[in-house]
Amino acid sequence: DEARTFGMEALFRQIGIYSHVGQLYEPVDSDTLIYYKEAKDGQILEEGITEAGSMSSFIAAGTAYSTHGIPTIPFFIYYSMFGLQRIGDLIWAAGDLRCRGFLLGATAGRTTLAGEGLQHQDGHSHVLALPVPNLIAYDATFAYELAIIIRDGIRRMYEEQESVFYYITVGNENYPMLAMPEGCEEGILRGMYKLRPSAQEKLELKASLLGSGAILNEALKAQDILANQFDVSADVWSVTSYKELRKDILEVARWNMLNPGVKPREAYVTQCLKNEAGPVVAASDYMKLLPDALGQAIPQRLVVLGTNGYGRSETRKALREFFEVDARWIAFATLHGLYQDGKIEEAVVKQAMKTLEIDPNKANPMTS
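Residues numbered from 1 in each chain as written. Predicted model: local features only at pLDDT ≥ 70, side-chain atom pairs only at ≥ 80, totals over all residues. Heavy atoms only, no water.

A. Here's a closer look at the packing of aromatic side chains. Applying the stated criterion across every chain, the model contains 10 aromatic pairs. Judged by centre distance (6.0 Å) and plane angle (15 degrees), the ring pair of Tyr 79 and Phe 82 falls under stacked. Phe 82 matches Tyr 79 in its accessibility class, with the two residues each being buried. Look at Phe 142 and Tyr 144: their rings are 5.9 Å apart centre to centre, the planes differ by 15 degrees, and that puts the pair in the stacked class. (Phe/Tyr/Trp six-rings, centres within 6.5 Å; stacked < 30°, edge-to-face > 60°. Buried < 20%, exposed > 50% of the residue type's maximum accessible area, 1.4 Å probe, protein only.)

Shown next as structure tokens:
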């Protein structure tokens, strides 16, 4: 049942569920056309609702290249809230054991799976991924991003024999999969790339919108709001990995410190944004601490929106309004950033607050 929740039932027929005794279990829906198969050569391990047991199987498979001389590529799929928070000690152990494979945090983000209280509202797994040195973390939005990341992960772990493993978050929200922009592969892997330049480049007011995972689509909507209602030209960047960007910032800072008198290197995020005009607004479905990690390398004003706090709601729309990360709030934060930069008047911001229905007396999500 849990595997079907993730849409994995198509794999049952093709790959099969492993059972050392073959098919003995009779599923409760055996009288339907839904396919279910257990086999001695199956490749899917159904551990049940036991994250510790599942992670132990992942570690066993991910270290088989050294313990048994058999390289395997494990994919452990689970609700993102029940990974780094619940079994972080085992994930740390996996890194220590030089485990390889892919951890897939499904239904990821704090606003994507509403309706069950706080049980699945993960707004911090990417923050918890920061301390594990050899864990490479990505927050993908589109199918092509996922394909590029997994392909390169297999290359690094199984062709180049790097002792790294991956944490990739995936959502449960239905939205159109965009076509892959030309030449974005390097940016996807390094942590960010320009997804959709503004169609209104001649407008005087400029800004850059950074979106990731579940909130990237909100940034795309905010781009349209800014252009159509406020004459602001905003480019949208997809941030696939704040951790990779942060790691690059630290590596560049260290190199510059150890090489005085040599032309300083620039962090990748600086290279991306240094020629962009206007404020940079970063919105994610995670704690504000995550985009804040880029602050020292962004030359413009950085405005951060995130999901600090708890938050309870029946709908994604209401939850994103509560956490102030939806398209309206992204657009308003951009206008306020322009106001702080002296580009627009106070009256424009106050009128925008009315137009976008921003309540200045709204409860603070961090404390309410």
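B. Structural view of the pairing of strand E8 (residues 205-211). Most of E8 sits inside the fold, with six of its seven residues counted as buried. Here E8 runs beside strand E9 (residues 232-239); their pairing, made up of seven bridges, is parallel. Bridging across to E9, Ser 208 finds its partner in Asp 235. Here E8 pairs with strand E10 (residues 280-283) via four bridges, running parallel. Bridging across to E10, Ser 208 finds its partner in Val 280. (Helix = DSSP H or I, 4+ residues; strand = E, 2+ residues; numbered from the N terminus. Pairing = 2+ DSSP bridges.)

C. Region of the structure containing empty space enclosed by the protein. This structure, assessed with the given rule, holds two cavities of 30 Å³ or more. Lining the largest cavity we find 15 residues, and of these Ala 140, Val 170, Gly 171, Gly 213 and Ala 214 sit closest to its centre. Among the residues making up the lining of the largest cavity, the classes are represented as six nonpolar, six polar and three charged. When its volume is computed, the second largest cavity comes out at roughly 70 Å³. As for the second largest cavity, its lining consists of His 126, Ala 137, Tyr 138, Asp 139, Ser 212, Val 239, Thr 240, Ser 241, Tyr 242, Lys 243, Tyr 286 and Leu 290. For the lining of the second largest cavity, the secondary structure elements donating two or more residues are strand E5 (135-139) and helix H10 (242-258). When residues of the lining of the second largest cavity are assigned to their parent elements, the largest contribution, three residues, is made by E5. By residue class, the composition of the lining of the second largest cavity is six nonpolar, four polar and two charged. (1 Å grid on protein atoms, 1.4 Å probe; cavity = no way out; pocket = protein on both sides within 12 Å on 5 of 7 lines; lining within 4 Å. Points joined across faces, edges and corners; volume = space filled by probe spheres on them. Nonpolar A, V, L, I, M, F, W, Y, C, P; charged D, E, K, R; others polar.)

D. Inspection of the nonpolar core at higher detail. Judged by nonpolar contacts, the single largest core of 53 residues is most densely connected at Tyr 166, Leu 209, Val 232, Ile 330 and Leu 335. Tyr 166 has contacts with Gly 101, Phe 102, Leu 103, Leu 135, Ile 136, Tyr 138, Ile 149, Asp 152, Gly 153, Arg 156 and Met 157, leaving out every residue within four places of it along the chain. Within the second largest apolar cluster, 21 residues are counted, among which are Leu 210, Leu 245, Val 269 and Ala 282. (Core = buried A, V, L, I, M, F, W, Y, C linked by side-chain atoms within 4.5 Å. Contact = heavy atoms within 4.5 Å.)

E. Layout of the layout of surface pockets. The volume enclosed by the second largest pocket comes to roughly 240 Å³. Around the second largest pocket, the lining is made up of 13 residues, and of these Thr 141, Val 170, Gly 171, Tyr 175 and Met 177 lie nearest the centre. Grouping the amino acids of the lining of the second largest pocket by side-chain chemistry returns seven nonpolar, five polar and one charged.

F. Focus on the sheet that holds E8. Overall, mixed pairing links the five strands, which are arranged E7-E9-E8-E10-E11 in an open sheet. At either end of the open sheet lies a strand with only one pairing partner, and these are strand E7 (192-196) and strand E11 (302-305). Strand-to-strand twist in this sheet, taken as the mean axis angle between neighbours without regard to direction, amounts to 25 degrees. In this sheet, E11 lies alongside E10 in parallel orientation, the contact comprising four bridges. Bridged to Ala 283 within E11 is Leu 305. (Axes fitted to C-alpha atoms, helices over the stretch in contact; angles between N-to-C directions.)

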